[in-house]
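Working through the structure, step by step
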Amino acid sequence: MRQAGRSLPEYRALRQGVAMLDACMRADLIIEITLQPVRRYGVDAAILFSDIVLPLKALGFDLDIVPGVGPVIAEPITDSAAVAAIPTFDAARVDFVAEAVAGLVSELGSTPLIGFAGAPYTLASYLIEGGPSKEHAKTKALMHGAPDVWRALMERLAVISAEFLRVQVEAGAAAVQLFDSWAGGLSPHDYRTHVLPHSAAVFADIADLGVPRIHFGVATGELLADMSTAGVEVMGVDWRVPLDRAVDRVQPGQALQGNLDSTLVFAPWDVIESETLRVLEAGRLAPGHIFNLGHGVLPDTDPDVLARLVDFIHSQESPVEG
Ligand code: CP3
């Protein structure tokens, strides 16, 4: 459950006076915050405490995560000179991540750790817009108006994402997820032409590592078929597409990850239970199903409800042994 920590008082206590990206750059805090939801909820996997913009920050970008807003970039990218100035990836700049992953793997024992990175498009959208955006108008203007600059930017970001995933897997992460959170704002044609090749390059780059690769975006129902061709074992599906429909859109043999609406945890328990059963039932049609919320945990979610939800899922018969 992404950002499950945000709902926990023990997370808020640890983060007192520590900025988000500062917390992401300290191995001791990464370890402790990653473990908090695992301890509380007994989930089947941990997701590394970090952020999609962390590698950019670590490589020297002047950016920050503003509470209640999201990532904000001091000097947005507008031209080829700015693209050329993007620093090349240097594993030494993220050594705290490798240290945290190694520490986590020994603490977690048999519970797998999921590493992650931002996909080139979603990272590019922050770098070009300068911060969060609904329309992504500048991003699309660069994509269509300066295709060479666009391609160069996406190629650079693809290398950074792939290398950042490699660091995590080499330190012991058991699976990786690529977040293309904002790809859902693209038409299938634009996605296929200007974005998919670069996400596929990320997955191809790390194929030799042999870990399961998960691909996820928000509002990507119309893109699922294309996204599933990027070279992945698992497709993440947000709450908008029922898993029994998603299974017909993705590649044969691919597992699905998803997809209880994150807001449903505020509903009465009998609704949560019946909706969870519907998700599990639909998921049985896929060759494999990883249950999660269809997007991250909302900060004011009641931790006791999440604990009850995890117990309820564990009480249901698993379609796949092990
Ligand atoms: O459980 C975890 O902590 C997993 C780690 C994780 C974070 N961000 C930590 C975080 C992951 C996987 C992300 C991914 C991420 N970051 C995405 C993709 C998300 C998706 O589901 O599609 C995006 C778009 C970002 C960029 C970002 N970082 C946003 C939009 C925000 C929210 C800003 C806000 O305050 O509303 C963040 C901050 C962030 N990243 C928090 C956490 C725990 C919240 C920090 C806090 O408030 O304590």
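Look above for the structure.
Nothing here was measured: the structure is a model prediction, and the numbers come from that model.

A short note on a nonpolar patch on the surface
- A surface patch of nonpolar side chains, amounting to about 190 Å² of accessible area, comprises Val66, Val69 and Val72.
- Within the secondary structure, Val69 is located in the loop between strand E2 (63–66) and strand E3 (70–73).
- In this structure Val69 comes out as partly exposed when scored by relative accessible area, which is 49%.

Some details on the sheet that holds strand E5 (residues 175–179)
- Spatially, 7 strands are ordered E1-E4-E5-E6-E7-E8-E9 in an open sheet, and the strand pairing comes out parallel. Looking at strand neighbours, the two that pair on one side only are strand E1 (46–47) and strand E9 (289–293), the edges of this open sheet.
- Pairing between strand E6 (residues 213–216) and strand E7 (residues 234–236): 2 bridges, direction parallel. The residue of E7 that forms the bridge with Ile214 is Val234.
- Relative to the sheet, helix H9 (residues 147–170) contacts strand E4 (113–118) and E5, its axis offset from that of E4 by approximately 165°.

Observations regarding a negative patch on the surface
- On the surface, Asp22, Asp62, Asp64 and Glu75 cluster together to form a negatively charged patch.
- In this structure, Asp64 sits in strand E2.
- Classification of Asp64 as partly exposed rests on a relative accessible area of 39%.

What to know about the packing of aromatic side chains
- By the definition in use, this model includes 5 aromatic pairs.
- Plain terms: the ring middles of Phe116 and Phe179 are 5.5 Å apart, the flat faces sit at 85° to each other, and that makes the pair edge-to-face. Of this pair, Phe116 sits in strand E4 while Phe179 is found in strand E5, placing the two residues 63 residues apart along the sequence. Across this residue pair, the class does not change: Phe116 and Phe179 are buried.
- Taking 6.1 Å as the distance between ring centres and 90° as the angle between the ring planes, the aromatic pair formed by Trp269 and Phe312 counts as edge-to-face.

Concerning the nonpolar core
- Residues Val94, Trp150, Leu153 and Leu256 are the most contacted members of the largest nonpolar core, which totals 110 residues.
- Take this core: its biggest share by element is 12 residues, from H9.
- The residues touching Trp150, leaving out its near neighbours within four places in the chain, are Tyr121, Ala124, Ile128, Thr139, Leu142, Met143, His194 and Val195.

Rules used throughout
Residues numbered from 1 in each chain as written. Predicted model: local features only at pLDDT ≥ 70, side-chain atom pairs only at ≥ 80, totals over all residues. Heavy atoms only, no water. Patch = residues over 30% accessible without salt bridge, like charges linked within 9 Å, V, L, I, M, F, W, Y side chains within 5 Å. Areas by Shrake-Rupley, 256 points an atom, 1.4 Å probe, with all protein chains shown as cover. Salt bridge = Lys/Arg side-chain N within 4 Å of Asp/Glu carboxyl O. Helix = DSSP H or I, 4+ residues; strand = E, 2+ residues; numbered from the N terminus. Buried < 20%, exposed > 50% of the residue type's maximum accessible area, 1.4 Å probe, protein only. Pairing = 2+ DSSP bridges. Contact = heavy atoms within 4.5 Å. Axes fitted to C-alpha atoms, helices over the stretch in contact; angles between N-to-C directions. Lys, Arg positive; Asp, Glu negative; His and termini not counted. Charge placed at Lys NZ, Arg CZ, Asp CG, Glu CD. Phe/Tyr/Trp six-rings, centres within 6.5 Å; stacked < 30°, edge-to-face > 60°. Core = buried A, V, L, I, M, F, W, Y, C linked by side-chain atoms within 4.5 Å.

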